[in-house]
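An overview of the molecular structure
Chain by chain, the residues run as shown.
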Amino acid sequence: MNGEKNRFDALKRKIDEILGSSSIPWEKEQAICELLRREVPHYDWVGFYFVDQKNRDELVLGPFSGEPTEHVRIKFGEGICGQAAETRNVFVVQDVSKEDNYLSCSPDVRSEIVVPIFKDGEVVGELDIDSHRINPFTEEDREFLEWICEMVSKHLQRMKK
Ligand code: SME
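No experiment lies behind these values; they were computed from the predicted model shown.

1. So, the packing of helix H1 (residues 2–20) against helix H2 (residues 25–39)
- Between H1 and H2, the shortest axis-to-axis distance is 10 Å and the interhelical angle comes to 160 degrees. By the angle between their directions, the pair H1 and H2 is classed as roughly antiparallel. Between H1 and H2 lies a crossing of right-handed hand. Contacts from Arg7, Leu11, Lys14, Ile15, Ile18 and Leu19 in H1 reach Lys28, Ala31, Ile32, Leu35, Leu36 and Glu39 in H2.
- Considered class by class, the residues forming the contact of H1 with H2 number eight nonpolar, no polar and four charged.

Here you go:
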């Protein structure tokens, strides 16, 4: 467990560097996805969804790392991503076979965590992670991913109204 905490602390420093760099928001988000997928063994697909500025009850896929997904647009309430956006809660599904409201991207995916990103009290996007393992997500994952979402919300211009 300590190893996991050290890993997450080291990754936080790298994410700080990425967010502080001069790249455009999309490139920073892409770099975060790639870093997380490369460095955390149980993160097999990592991606951002953002709330569509026109249809504000729909999520649109942003930068991601992993297999391409057919779920490029997701309505609030649909799937794990849509439920997280609608309820404004972190959604942790340790075994997707037990979740009825789930949109499958690949049969390899066994579990998923979705963390909303807030700006001025509204959900503006989310960070979505799929894992090929059952029951992989701990409280440390949750805290780490919530920290990332707070930092992304603070740093990214694109989220200003
Ligand atoms: N499984 C998600 C759909 C998005 S993919 O995981 C990339 C869901 O149920 O909302």
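2. Side note on the sheet that holds strand S4 (residues 91–93)
- Strand order in this open sheet of six strands is S3-S2-S1-S6-S5-S4, and the pairing throughout is antiparallel. This sheet does not close on itself; its edge strands, each paired only once, are strand S3 (73–75) and S4. Each adjacent strand pair in this sheet contributes to an overall mean axis angle of 25 degrees, direction not counted.
- Each of strand S1 (45–51), strand S2 (58–65), S3, S4, strand S5 (111–119) and strand S6 (122–131) is contacted by helix H3 (residues 79–87), which is oriented at about 35 degrees to S5, the strand it contacts most.
- In the packing of helix H4 (residues 139–155) onto the sheet, the strands contacted are S1, S4, S5 and S6, and the crossing angle to S5 comes to about 35 degrees.

Parameters and conventions
Residues numbered from 1 in each chain as written. Predicted model: local features only at pLDDT ≥ 70, side-chain atom pairs only at ≥ 80, totals over all residues. Heavy atoms only, no water. Axes fitted to C-alpha atoms, helices over the stretch in contact; angles between N-to-C directions. Helix = DSSP H or I, 4+ residues; strand = E, 2+ residues; numbered from the N terminus. Parallel < 35°, antiparallel > 145°, perpendicular 65-115°, else oblique. Left-handed = near helix turned anticlockwise from the far one by under 90°. Contact = heavy atoms within 4.5 Å. Nonpolar A, V, L, I, M, F, W, Y, C, P; charged D, E, K, R; others polar. Pairing = 2+ DSSP bridges.

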